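For reference, the chains in residue letters:
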Amino acid sequence: MSTRDELFSLSEEVADALASGLPVVALESSGVVQGLPHPLNLQTALDIDKTIRAGGAVPARTGIVSGRFVVGMSDQEVELFATTPTVPKVGARDLGPALAGGGHGGTTVSAALVAAGRLGIEVFAVAGIGGAHFGAQQSFDISADLVEFTRHRVAVVCAGAKSLLDPALTLEYLETAGVPVVGYRCDDFPAYYSVSSGERNPRRVDDLAELVAGVRLHWAVGNPGGFLITHPIDAADALPSDEVYALVRQKQAEAEAAGVRGKDMTPAILSAVGKATRGRTGEANRSVLLSTSALAAEVAVALKERS
């Protein structure tokens, strides 16, 4: 048994796909616990899996289950996470202690990328990535997601950064880190719930073949890290960016005044914004999760065709 086999518990579907060289799309699980209310979180997670399979790829949702790093969570495991709001978030830095503790953990983007990179899964799908917070020049509050992008050869398909983050600082950090940011059929860097953050994508590509060629060549020349592909939420499901940013600032101030700090800040703000918009952010969240998952499956299939 290899070290990889000892560390990771792969579902039969994921193991067979990796062994056969089939397209696989990695997913996180913290969003199942904290992203949407039950039962919408469960139904959305299952629909994401269906969407990826319909696109010709295999979904590989990651999570810590009873001290095992599971890749390819079963429907029963997803339901457990969806109905257990006390499951903690687990980022890349938390993996060792979380596994040693023997409990459960919802993987964030950074933790899921560790698994994807180690197992050779080339594509990861998520609604919104972490990034640099407003005022990060002073606070140094920068998501571990951005660091992990530099460490793993994984193409990340997303709808930009979460709405509580500073899009300009996030893009500056990604440029410094050497992570390409390419908008697929979009000029503007999306803002999760909104079509545009007000910032431009550094590059736009309209052809899928050209997009995956760029990914392959980025790695072929020796770059060790990831490749960020952005695609916005459907305009019919989007929220006005000005409204969302104003709400985020208000709810962030309220959370800080209430003593919320660290990794608890993001779910607290998103939950408060969701209540303030009477569930519209939840509907937008579901929409963007499904659309990024569908595109990720397309990218995964096209990457395998080009390999």
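Please refer to the structure higher up on the page.
The structure reproduced in this document is the subject of the present report. The model shown is predicted, which means the values in this text are computed figures rather than measured ones. (Residues numbered from 1 in each chain as written. Predicted model: local features only at pLDDT ≥ 70, side-chain atom pairs only at ≥ 80, totals over all residues. Heavy atoms only, no water.)

## Regarding the packing of helix α4 (residues 40-54) against helix α5 (residues 75-82)
A packed helix pair is summarised by two numbers, namely the angle formed by the two axes and the spacing between the axes. It is at 9 Å that the axes of α4 and α5 come closest, and there the two elements cross at 150°. Taken together, the axis directions place α4 and α5 in an arrangement best described as roughly antiparallel. As for the relative orientation of α4 and α5, their crossing is right-handed in sense. When α4 is examined against α5, the residues Asn41, Leu42, Ala45 and Leu46 are found in contact with a partner set consisting of Asp75, Val78, Glu79 and Ala82. (Axes fitted to C-alpha atoms, helices over the stretch in contact; angles between N-to-C directions. Helix = DSSP H or I, 4+ residues; strand = E, 2+ residues; numbered from the N terminus. Parallel < 35°, antiparallel > 145°, perpendicular 65-115°, else oblique. Left-handed = near helix turned anticlockwise from the far one by under 90°. Contact = heavy atoms within 4.5 Å.)

## Re the packing of helix α12 (residues 241-257) against helix α13 (residues 265-276)
Packing of α12 against α13 brings their axes to within 9 Å, and their N-to-C directions diverge by 125°. In this view, α12 runs oblique relative to α13, as classed from their interaxial angle. The handedness of the crossing between α12 and α13 comes out as right-handed. For the pair α12 and α13, contact is made by Leu247, Val248, Lys251, Gln252, Ala255 and Glu256 and by Met265, Ile269, Ala272, Val273 and Ala276, respectively. Residues belonging to the contact of α12 with α13 are distributed by class as follows: eight nonpolar, one polar and two charged. (Nonpolar A, V, L, I, M, F, W, Y, C, P; charged D, E, K, R; others polar.)

## Section: unusual backbone geometry
With an omega of 10°, the peptide bond running from His38 to Pro39 counts as cis. Here Pro39 shows up in the loop between α3 (30-34) and α4. A positive phi is found at Tyr192, a non-glycine position, where the angle reads about 65°. With respect to the helices and strands, Tyr192 occurs in the loop between β9 (181-184) and β10 (203-205).

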